[in-house]
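This is what each chain is made of:
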Amino acid sequence: MSADIAVLGAGMHPWGKWGRSFVEYGRAAARTALADAGLEWADVQSIVGADTVRSGYPGYVAGATFARALGWQGARVTSVYAACASGAQAIGAARAQILAGLADVVLVVGADAAPKGFFAPTGGDRPDDPDWLRFRVLGATNPAYFALYARRRMAVYGDTPEDFAQVKVKNAAAGALNPLARYRKPVTAEEVAQSAVVADPLRLLDICATSDGGAALVLSSMDFARSRGVGDPVRIRAVSTVTPTYPRTVLDLPDIATDSVTAVPPAPGSFRASIARAAYEEAGLGPEDLSLAEVYDLSTALELEWYEDIGLCAGGEGAKLVREGATALGGRVPVNASGGLASFGEAVPAQAIAQVCELTWQLRGAAGDRQVPGARAGITANQGLFGHGSAVVAVR
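Nothing here was measured: the structure is a model prediction, and the numbers come from that model. (Residues numbered from 1 in each chain as written. Predicted model: local features only at pLDDT ≥ 70, side-chain atom pairs only at ≥ 80, totals over all residues. Heavy atoms only, no water.)

Peer 1: Now, about the overall build of the protein: what can you tell me, with residues and values included?
Peer 2: Counting secondary structure elements, the protein contains 14 helices and 11 strands. Its C-alpha radius of gyration of 20 Å places the protein within 12% of the 21 Å reference for a compact globule of 396 residues. Judged by the C-alpha coordinates and their principal axes, the protein covers about 55 × 50 × 45 Å. Relative to its 396 residues, the protein shows a buried fraction of 56%. In the protein, the proportion of contacts linking residues at least 24 apart, taken out of those at least 6 apart, comes to 75%. Summed over its atoms, the accessible surface of the protein is roughly 15,400 Å², and 54% of this surface lies on carbon and sulfur atoms. (Helix = DSSP H or I, 4+ residues; strand = E, 2+ residues; numbered from the N terminus. Rg over C-alpha atoms; globule rule 2.2 N^0.38 Å. Buried < 20%, exposed > 50% of the residue type's maximum accessible area, 1.4 Å probe, protein only. Contact = heavy atoms within 4.5 Å. Areas by Shrake-Rupley, 256 points an atom, 1.4 Å probe, with all protein chains shown as cover.)

Peer 1: Quick rundown of the nonpolar core? Include the residues and the values.
Peer 2: Formed by 51 residues in total, the largest nonpolar core has its most connected members in Leu298, Ile310 and Ile379. Elements represented by at least two residues in this core include exactly helix H6 (142–157), helix H7 (161–175), helix H10 (271–283), strand E9 (292–295), helix H11 (300–309), helix H12 (318–324), strand E10 (377–384) and strand E11 (388–395). Setting aside residues no more than four positions away along its own chain, Ile310 makes contact with Ala276, Tyr280, Pro287, Ala293, Val295, Ile379 and Ala381. Core analysis: the second largest hydrophobic core is formed by 42 residues, Ala93, Ile98, Ile353 and Leu363 among them. (Core = buried A, V, L, I, M, F, W, Y, C linked by side-chain atoms within 4.5 Å.)

Peer 1: Outline the environment of Cys208, supporting the account with residue identities and numerical values.
Peer 2: With respect to the helices, strands and loops of the structure, Cys208 is situated in the loop between strand E6 (202–203) and strand E7 (212–220). When near neighbours in sequence (up to four residues on either side) are disregarded, Cys208 contacts Asp297, Leu298, Leu341 and Glu346.

Peer 1: Tell me about H6, and please be specific about residues and values.
Peer 2: Compared with an ideal rise of 1.5 Å per residue, which puts 16 residues at 22 Å, H6 spans 22 Å between its outermost C-alpha atoms and is within 8% of the ideal. Looking at H6, one finds that the buried residues are Asn142, Pro143, Tyr145, Phe146, Ala147, Tyr149, Ala150 and Arg153. Gly158 lies just past H6 and shows a positive phi near 85°. (Expected span 1.5 Å × (residues − 1).)

Peer 1: How would you sum up the pattern of salt bridges? Please name residues and give values.
Peer 2: Here the idea is simple: oppositely charged side chains can pair when their charged atoms come close. The final tally for this structure, using the stated rule, is 22 salt bridges. In this structure, Asp125 and Arg136 form a salt bridge, with 3.8 Å as the shortest nitrogen-oxygen distance. With a gap of 11 residues between them, Asp125 in the loop between strand E4 (105–112) and helix H5 (130–136) and Arg136 in helix H5 connect regions that are remote in the sequence. Taking the shortest distance from any N to any O, the salt bridge between Lys170 and Glu303 comes out at 2.9 Å. Here the residue Lys170 occupies a position in helix H7, and Glu303 occupies one in helix H11, the gap between them amounting to 133 residues. The exposure class of Glu303 is buried, given its relative accessible area of 0%. Here the salt bridges do not stand alone but share partners, grouping Arg153, Asp159, Arg272, Glu305, Glu308 and Asp309 into one network. (Salt bridge = Lys/Arg side-chain N within 4 Å of Asp/Glu carboxyl O.)

Peer 1: Break down the domain arrangement of the protein for me, citing the residues and quoting the values.
Peer 2: In terms of domains, the protein is made up of domain 1 (5–116 + 212–236) and domain 2 (144–208 + 238–395). Here the C-alpha centroids of domain 1 and domain 2 sit 24 Å apart. Summed over both sides, the interface of domain 1 with domain 2 buries roughly 3,000 Å², with 69% coming from carbon and sulfur. By the criterion of area lost to domain 2, the three top residues of domain 1 are Met12, Trp15 and Cys84, representing 25% of everything that side buries. Here domain 1 and domain 2 share two salt bridges between them. Where domain 1 packs against domain 2, one counts 10 residue pairs in polar contact (both at pLDDT 80 or more). Within the residue set of the side of domain 1 that touches domain 2, elements represented by two or more residues are strand E1 (5–16), helix H4 (86–99), E4, E7 and strand E8 (234–240). The leading source of residues in the side of domain 1 that touches domain 2 is E1, at nine residues. A per-class count over the side of domain 1 that touches domain 2 returns 24 nonpolar, 11 polar and eight charged. (Domains from an automatic or database assignment. Buried area = accessible area lost by both parts, 1.4 Å probe. Polar contact = N/O pair within 3.5 Å; in protein donor to acceptor, adjacent residues only side chain to side chain. Nonpolar A, V, L, I, M, F, W, Y, C, P; charged D, E, K, R; others polar.)

Peer 1: Mind laying out the pairing of E10, listing which residues take part and the relevant values?
Peer 2: A large share of E10 lies buried, amounting to eight of its eight residues. With burial as the criterion, each face of E10 is covered, one bearing Ala377, Ile379, Ala381 and Gln383 and the other bearing Gly378, Thr380, Asn382 and Gly384. In this sheet, E10 lies alongside E9 in parallel orientation, the contact comprising four bridges. Bridge assignment links Leu292 to a residue of E10, and that residue is Gly378. Linkage of E10 to E11, two consecutive antiparallel strands, is achieved through a turn of three residues, within which Phe386 is found at a positive phi near 65°. (Pairing = 2+ DSSP bridges.)

What follows is the structure in structure tokens.
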């Protein structure tokens, strides 16, 4: 049995700080995706919502919340949460339902209404919660651990703040071409260097913002797609949601210590690399087959890490790729042709879905001025806290 499913529709609500309910963003994205698929909400047999923890109980049961917002019609409902990987987990749940024959058409929706400033833990005292502890014990907001990774790259590989700045320059240039992005202005390396220091060595323009936004996909079986006259749809071929391997030897917040390697040797590769590797194995593809990639650039330095983790280059060579222009539009393998988190900011449950929306438009040849010529295969990748991560491979 083929593991491919079809992407019939993709839709997004523009990212920004709109001050409205996440439900509004998700409903708008869903309606856009349904229109793109040429389907009505009544045609959908299952809806999967990616949860948000910032909007009370409706956010915890996002699948039902979006179903109600669209109008109850009896569809099967699923709600999932996996931190930054929530959207990809929702795609994985939808794919499983389709391949199991439980539904022919599934709507996947994620949306968020983010707070101003950095993300913080939910309220209450929870001394057994490592995420609560990293804020209360270390005072470590997300940029603090982004900076730890950046410093590690500088110490181990010789990366420089100037290398990090070039990632922002590249992504801002792509985002300026994307009407759905929050930030649509080109940025220079000098502007990055002159922005305020947030967590040394990272500056304000090295770090993604928090944003409001919504994204949705209409997924179906290949048979259903053909029955609707869609003979060559974009296809999702793999969804990877693997967990880390013990021991973990690089500090990865919210954990505030590494595992011991006294009795157990270190794992042969990083957690993030294992996410992409599992996706490639399932899809029967490799990094050499990619036309483009969408990765989780929470910071400029973390994007360089992802180049290595998805196999575009060897460890320590990420900065070389960005210096050569290999990952820019027009380069060998454009990364974050959408503009990435640098141009969107992070709307957590929507972001991994938005990554697949971008792959869909690119593989259709419908990405406008940011189109990657002849795109045939792409991968998305992100990491959520607490051992969640995801990668999706789409082909045409």
